[in-house]
There are 2 protein chains.
Amino acid sequence: MTLLWQFYFCKNKIIIMTKKFAAINYISCLPEFEPTFENLFATRKGAIDTMPGFVDMEVLKPSKQGEPYLILSHWDNKESFDTWTKSPEFLEGHKRGFAMLEQAKQEGKPAPMKSEFKVYKIIAE
Amino acid sequence: MTLLWQFYFCKNKIIIMTKKFAAINYISCLPEFEPTFENLFATRKGAIDTMPGFVDMEVLKPSKQGEPYLILSHWDNKESFDTWTKSPEFLEGHKRGFAMLEQAKQEGKPAPMKSEFKVYKIIAE
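Residues numbered from 1 in each chain as written. Chains lettered and ligands numbered in written order. Predicted model: local features only at pLDDT ≥ 70, side-chain atom pairs only at ≥ 80, totals over all residues.

## Some words on the sheet that holds strand 5 (residues 69-75) of chain B
Note on sheets: strands pair through backbone hydrogen bonds, and any given pair is parallel or antiparallel. The eight strands lie next to each other as 3(A)-5(A)-4(A)-6(B)-3(B)-5(B)-4(B)-6(A), forming a closed barrel whose pairing is antiparallel. Taking each pair of neighbouring strands and ignoring which way they run, the sheet shows an average axis angle of 35 degrees. Across the sheet, helix 1 (residues 34-42) of chain A is in contact with strand 3 (21-29), strand 4 (54-62), strand 5 (69-75) and strand 6 (113-124) of chain A together with strand 6 (113-124) of chain B; its angle to strand 6 of chain B comes to roughly 70 degrees. Sitting on the sheet, helix 2 (residues 78-85) of chain B is in contact with strand 3 (21-29), strand 4 (54-62), strand 5 and strand 6 of chain B, with an inclination near 40 degrees to strand 3 of chain B. (Pairing = 2+ DSSP bridges. Helix = DSSP H or I, 4+ residues; strand = E, 2+ residues; numbered from the N terminus. Axes fitted to C-alpha atoms, helices over the stretch in contact; angles between N-to-C directions. Contact = placed C-beta atoms within 7 Å.)

## A few points about the nonpolar core
Counting residues in each nonpolar core, the largest one holds 38 residues, and the members touching the most others are A:Ala22, A:Leu60, B:Ala22 and B:Leu60. Listed by contribution, the elements that provide at least two residues to this core are strand 3, strand 4, strand 5 and helix 2 (78-85) of chain A together with strand 3, strand 4, strand 5 and helix 2 of chain B. (Core = buried A, V, L, I, M, F, W, Y, C linked by C-beta atoms within 7 Å. Buried ≥ 20, exposed ≤ 12 C-beta atoms within 10 Å, placed from the backbone.)

## Overview of the pairing of strand 6 of chain A
Here strand 3 of chain A pairs with strand 6 of chain A via nine bridges, running antiparallel. Each residue of the ladder has a partner; that of A:Tyr26, found in strand 6 of chain A, is A:Glu116. One ladder, built from four bridges, connects strand 6 of chain A with strand 4 of chain B; its direction is antiparallel. Paired with A:Ile122 across the strands is B:Leu60, a residue of strand 4 of chain B.

## Digging into the confidence of the model for chain A
All names here are of chain A. Chain-level statistics for chain A give a pLDDT mean of 86 and a share of 86% at 70 or above. Across chain A, the element-wise mean pLDDT spans from 53 in strand 1 (residues 5-10) up to 96 in strand 3. The ipTM assigned to the predicted complex is 0.83, against a pTM of 0.84. (pLDDT = per-residue confidence, 0-100.)

What follows is the structure, given as structure tokens:
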């Protein structure tokens, strides 16, 4: 059984973290937008990584097309996550995606992606 | 930005793992079954932990009642996960849950929980 704390190698430092809280952004993309969406994360600047209480994140690509991608992030607590969603770093980290949504809207096209945040408590490992 | 490999402290050893593949078991419970379900994981024997290619797992409890719990597990590759689902360890690890489902069926009661596996490739961290 793994423990509720782990060593992380992050920014050239070994950090010991606890994982107590998780947020998942479920993102549904139009099929033609999927490569662009994946590239947004492959080239992300890491705005979230500097937030206090942030532990780690990962992008899960579904095996079946049409199902949502999952952007899973772990946090020390819910307050750290809430602080991030209201921060300038959140806007900075989502700037390119928001611009693409705005452009589609202005052109009268359907939104290329839709997202829904759900939050979770980690109760066992 | 975190890296695609991490240190883990597991069974009193430090292990370096890569995370490439994830499986999520989405489990919907009847409200009255939730405490029993949570106890199944709080007291799990760790059958999965011994499987080759297994990295880690965690149980995510939704913030809204009625939404599914997520049992997230990471694996080195899809083959390791597939091997586990067909293994004696899989049956052993789910023995108590399967018995509860069978008992409800025999008593003509609704299933206390329903599960759906989805699998994912990890494309960014």
